[in-house]
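Fold and geometry: a report
The primary structure of each chain is shown beneath.
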Amino acid sequence: MTTWALLAGTMLWSTLLQAQGIFISGHVSIAKAIQTVEIPAIRVPAAGVTVRVKGTSSGVISDSSGYYRVAVHELGATLVYQAVGMKTLEIMVTDTARLDVQLKTDATELKELIITGYTELPLEETTGAYSTVKMDRISNTPLLPIDKALQGQVAGLQSMGGSGQPGSVQNIRIRGTGSINAGSEPLYVVNGILINTGVLARNNPNANTIAGIDINDIEQISILKDAAATSAYGSRAANGVIIITLKQGKSGKTSFRLSTETGLAIKAYSNPANRPLNTAEWRSLTAEGVQNRFPNQYPDAAGALEYVDQLIGVNPSVDTDWLREVTQIGKSWQYHLSATGGNDKTQFYISTGYLSQTGNVIATGLRRITGSISFAHTASKRLTFNTSIHISHTRQHGPDNGGAFSNPVLAAYFLRPSLAPRTPSGEINVSPPDFPAGSLYNPLAIADMDKRQTSNMKALTSFTADYNLFRNFKLTSRIGIDYNILEEDQYNNPFYGDEVNEQGKITRAYSRYFNWIWSNLATYHRAFTDYSFQVTAGYEAQKSMYYFNQTSVYGLPFHLSVQIPSAGSGSQSAEGSNSDYAFLSKFALLDFTYRHKWMFSGSIRHDVSSRFGSGQRSGIFWSTGLAWQLNKEEFLKTVQFIDQLKLRLSYGFNGNAAIGNYDWQGTYAYGKSYNYLGKTGSAPVTPGNNNLTWEFNKPLNLGLDMVLLNNRFTLVLDWYSRITSNLLINQPLPGTSGFNSYKNNAGSIRNQGLEWSISVQVANSKNFQWSIYLNASRNRNKIISLPGNRDIVSGTSIYRSGQDLQSFYMRQWAGVDPESGAPLWYTDATRKKTTKSYNEALLTLAGSASSKLYGSLGSTIKYKGFCTDFLFYFNHGNMIRDAWGSYTQSDGANVNFNVVAAQLNRWQKPGDQTDVPKYVYGGNNASNSMSSRFLYRGNYLRLRYVTISYEVPRHILSAFAFSGFKLFVRGTNLLTKAADKNLPYDPETNVNSTSNFDIFIPKTFTAGLQANF
């Protein structure tokens, strides 16, 4: 009876299994790779692995911890395990026991992953225009901060900055400038946190907040460029998105990495024509100017020289090279130590770093201390969480730029060489007759006695929890904080300089930015035989709060060590402000793949922003993308040399909200500027616009991805056109309104271009590898419409429909009259008629500050343990304006200032052919007034960096407990070739292509080592 009962039970159980299926569960892992060697004993959970029953459409995807549970119809079925970059594994099901498997990497199938901030996808399965930065090329770089290091690394991204101040801010443009008066910088996202970037300091235009992020702590940088890539960020995606992912822990034995680097920095570019004159040259040229001005009074040079020496007070025996006095050899030190490790449950990463740089101009430098901790833990099969904390403290010191008398670069070009920097006893010279009250200052004294310092404490912290609610469905909650505290101290001594009449001045400013963001996501993914998809829905809230106060006091003690506001005895002033902005967002994302050939993506996002009028705060933004893998079609499968051939198409609608927090409101201001007779006063300062709303951006992208010859040749080609409408513009108002302008939505701009990236692996053997990489971008910017189609003129620039956004507008220089040496300007657009009167010259377009073509060419060559890596950067098509040419090339107009060597080529006698007018004491008929004379072609080629390294073989290191040891030397900005031989300053300028007596861009030489143990 028992036997029959057992048999009946077995048959019943078998019948139920056949009807309902057998559930097989298990865990998928991959072998941990150390130095490219797989260690089977060290396993890492494999999330996102497709587990399907062979011959059916049934399947599941392993969860974030690597666990899976799949139904099979019967024992003997075969399970197929597939994952990107892994070798496919097939296992027959012989019983119902737990089935754990380990996958091995497949080097031929390993694909690059793109982290978008909300999702993570293999690059080959994306529909958008993405690029990733090769971190091994920019880690341990002296190019600080991150935005400087990005130059030349990615097609379509332009990194511009005219200052060599350590830690200074760069202008980043992705696919052109898309706005007139709103921001054009990309959105930065760090570990899912939408951070505040740029210059957050109140009084320091060079304080770059992202200088606090150590490049050595970054795992990946992704650049998102088109609608399919960026529109998940909706109203803030118009100018592109830069995703920064910080390093996280990895399972395995705890490993350490120590890197250190030290080096020197000098001036990167010099033009002999822009050399300040020495005393003999200046005296002779000035005397010639006196003769040209007063020919009857001073018929000979000797009399003119005597007049110059007596009137101006020149000491012919003094010959100071002020440019040499204010420059120095900058020095840098950098150290970074990290540790990572863990097991299949818990992983950690911890690091600390120190950096010190001094600039190539006196009184410039930066120090930074960083610390980073990342911790991830798998609490259960369903719950995982991780936290990340990155803290830094930077201290930057440097002078004003531009026309400030305290600017040492200005002083180097303006101060006469006959002025002595030091007294005969060796002390710094601050006394008349060389430095009388009201004159330019001795820059050595200002550097020694004054202080201008900005400190920034930055904290980036995030906490993320993932919960697998059920199979293939995951909930994610992440809260992040971007916290910045800035302390600015400016001390003007009571003895000499700007505030000597007030007996010194101290200004102390405090700024605090508290920016939090809370993101909640629900993700569902499913894979079948022919298709797979992933759907993500999310809700996000963000608020950023700004607090500021500043105190200034005068009447300081005559003691340089007392530099605190409470020590002031004279008048005091105080000011403060606070502001905030907030965003509320709901969004949905879809990624769909059919037979690994067709990919479709879509996104929709609803944003609400506090920066717009009460009835205009809401906006809906969307994108769609399509990609076709031609190489997986039957008609191309037999073509052996094609590894990938993908066409991409995307279009969408996103926005720009980068304006002031209260531009939409009519506001009044209170403060000392409005008080009257000791009574509190106020006045309207902005008219407001309750209808103000988003700037709209509609990007269209066509792309081609091609990989040939077993991954030895790669081409990525993109054509794009993006139209920005509803521009956030400062629209002029009649003077009777009491305001100059108001913020309004009007006008449109188009950026259209082509970008391509090429990578070629020339050789790839065991001992020798050689690769070449090229990227280039061509962009054309055009204003489509403006309010009333009226020109808007701003200084030397103009906004005009049909023209480039950054067009220069000035009088056209026609050269020098060869008979008289008088300056000439054109009076008509045909450039056939000239005039000697500046006021009669025609104001017209004079080129653009926008580059037309830019990119880079680089190569990496490896032979055994030796490696050489270099990168050339090129730029073409823009004009550069010398903002101070009217002083340094004044033709005698500014007699108390020095001039540059280009003035030596002046006209001297009838028949002379030159573009430098006759030198006349007091000026030559307004020849130095702003015109296209001071515009130069901005084309240049620069050897951006060269790195030569040697990696010690492992068999030698094994005896010293090292797993890796590398020595390297590196140089940056080593060679610069400017196309315009008359270009006075470095061709690498700010986005407005205007030189402004900034700290010189450095040429650096460094050496260092990297040890893994």
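Everything below is about the structure shown above.
Residues numbered from 1 in each chain as written. Predicted model: local features only at pLDDT ≥ 70, side-chain atom pairs only at ≥ 80, totals over all residues. Heavy atoms only, no water.

Some points on the nonpolar core
The nonpolar side chains of soluble globular proteins are, as a tendency, buried together. In terms of nonpolar packing, the biggest core is built from 41 residues, with Ile-221, Tyr-233, Ile-242 and Ile-244 touching the most fellow members. Looking at this core element by element, the count peaks at five residues for strand β17 (residues 241–246). Setting aside residues no more than four positions away along its own chain, Ile-221 makes contact with Ser-131, Thr-132, Val-133, Met-135, Ile-138, Ile-146, Leu-150, Ile-242, Ile-243 and Ile-244. Within the second largest apolar cluster, 28 residues are counted, among which are Val-409, Leu-415, Tyr-441 and Tyr-496. (Core = buried A, V, L, I, M, F, W, Y, C linked by side-chain atoms within 4.5 Å. Buried < 20%, exposed > 50% of the residue type's maximum accessible area, 1.4 Å probe, protein only. Helix = DSSP H or I, 4+ residues; strand = E, 2+ residues; numbered from the N terminus. Contact = heavy atoms within 4.5 Å.)

Some remarks on unusual backbone geometry
A cis amide bond links Pro-432 with the next residue in sequence, Pro-433, at an omega value of 5°. Turning to its location among the elements, Pro-433 is positioned in the loop between α8 (408–414) and α9 (443–449). A positive phi angle, near 60°, is found at Gln-503, a position not held by glycine. You can see Gln-503 is positioned in the loop between β24 (473–492) and β25 (505–527). For Asn-726, which is not glycine, the phi dihedral falls at a positive 60°. Tracing the backbone through its elements, the reader meets Asn-726 in the loop between β34 (713–725) and β35 (728–732).

Concerning the pattern of salt bridges
Within this structure, the stated rule accounts for 30 salt bridges. A salt bridge links Asp-100 to Arg-98, with the shortest nitrogen-to-oxygen separation between them at 2.8 Å. Residues Asp-309 and Arg-283 are paired through a salt bridge, measuring 2.6 Å at the closest nitrogen-oxygen approach. One end of the pair, Asp-309, is in helix α6 (residues 301–313); the other, Arg-283, is in helix α5 (residues 279–293), with 26 residues separating them in the sequence. According to the relative accessible area criterion, Asp-309 is buried, its value standing at 17%. Look at Arg-283 and you get buried, because its relative accessible area is 16%. (Salt bridge = Lys/Arg side-chain N within 4 Å of Asp/Glu carboxyl O.)

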